[in-house]
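So you can see what is in the structure, the chains are spelled out below.
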Amino acid sequence: MKSETTLIGGAMVMLALSVSALVILPYLELHDVEPTPGLKPYTSAQLRGRQVYISNGCVYCHTQQPRTKEFAAADFARGWGRATVAGDYAYDTPPQLGDMRTGPDLMNIGVRQPSEQWNLGHLYEPRAYVPGSIMPAFPYMFEVKSKADQDDVVVTLPPGYTPANKVVVARPEAIDLVKYLLSLNRSFPAIAPVATATAPATPVPAKP
Ligand code: HEC
């Protein structure tokens, strides 16, 4: 009986320690992090696009967490941007950090590839832009029609990729998703620039 009590007591202590270290302490440290200066809240279209990103499993192949130069110089060399800080995710619940890099990190795709048309076309058929790409196409976010209506967003694809005598039109989910992708931009400094001392130098009293 004594050993059972010790076993259960020990398990409880271990559980309490791990919950404190992995849940409570990180919460206390991060729950009131301020947005990084320069970070804008998402618009409603961008938020809908974020939902499309989540429901289509983009996170399974793409991270949103460039790392420090010291830790992973390759991230920096590839032009993925500075290492992110907690405030960069202030408007992301939950953040789409990802842990798999089958494709490139997307935290700064809005800076690297700011063209709406390129992003729409790449979602319709990645291989039209990157030969041999293993990214899946998302054709159900588009409509192939014989003629575009007045408000349609027509996607101009590289030669040979638009079905003959048809037009490819982006559905609202593709447009929202690309708005979200273009909002991924952490090109501002991670920390607010420290105000340079502008106070006038203290005048030195004249010697009598
Ligand atoms: C099976 C893995 C996989 C999935 C799922 C996936 N991608 Fe990709 N993605 C890739 C690969 C590989 C590349 C690099 C080749 C290319 O550009 O097509 C890429 C490239 C990209 C690029 C261009 C990046 C750059 O730096 O040029 C964007 C933007 C992108 N993906 C967005 C998405 C979005 C949005 C989704 C979800 C709707 C998604 N991907 C789902 C694998 C994936």
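The structure we're discussing is the one just above.
This report concerns the structure included in the present document. (Residues numbered from 1 in each chain as written. Predicted model: local features only at pLDDT ≥ 70, side-chain atom pairs only at ≥ 80, totals over all residues.)

1. Focus: the overall build of the protein
For step 1, the next point in the chain: Summing up its helical and strand segments, the protein has 6 helices and 2 strands in all.
For step 2, the next point in the chain: Helices and strands in the protein line up, N terminus first, as α-α-α-α-α-β-β-α.
For step 3, the next point in the chain: Computed over its C-alpha atoms, the radius of gyration of the protein comes to 25 Å, more than 25% above the 17 Å expected for a compact globule of 208 residues.
For step 4, the next point in the chain: Per-residue burial over the protein gives 20% buried out of 208 residues.
For step 5, the next point in the chain: Sequence separation of 24 or more characterises 73% of the internal contacts of the protein that already satisfy a separation of 6 or more. (Helix = DSSP H or I, 4+ residues; strand = E, 2+ residues; numbered from the N terminus. Rg over C-alpha atoms; globule rule 2.2 N^0.38 Å. Buried ≥ 20, exposed ≤ 12 C-beta atoms within 10 Å, placed from the backbone. Contact = placed C-beta atoms within 7 Å.)

2. Focus: the site of the ligand
For step 1, the next point in the chain: Around the ligand, the surrounding shell holds 24 residues, and the nearest of these are Cys58, Cys61, Gly103, Ser133 and Met135.
For step 2, the next point in the chain: When contributions to the shell around the ligand are tallied by element, the ones reaching two or more residues are helix 4 (109-112) and helix 6 (172-183).
For step 3, the next point in the chain: Looking at the shell around the ligand residue by residue, the class counts come to 15 nonpolar, 8 polar and 1 charged. (Near = placed C-beta within 6 Å. Nonpolar A, V, L, I, M, F, W, Y, C, P; charged D, E, K, R; others polar.)

3. Quick look at the nonpolar core
Where a protein is soluble and globular, its nonpolar side chains tend to be buried together.
For step 1, the next point in the chain: Counting residues in hydrophobic clusters, the biggest one holds 21 residues, and the most contacted among them are Leu120, Phe142, Ala174, Leu177 and Leu181.
For step 2, the next point in the chain: For this core, the secondary structure elements donating two or more residues are helix 2 (44-55), helix 5 (116-124), strand 2 (167-170) and helix 6.
For step 3, the next point in the chain: The element best represented in this core is helix 6, accounting for 5 residues.
For step 4, the next point in the chain: Ignoring anything within four residues of it in the chain, the contact list for Leu120 reads Val155, Ala170, Ala174 and Val178. (Core = buried A, V, L, I, M, F, W, Y, C linked by C-beta atoms within 7 Å.)

Geometric descriptors of this kind do not, in isolation, establish any biological role.
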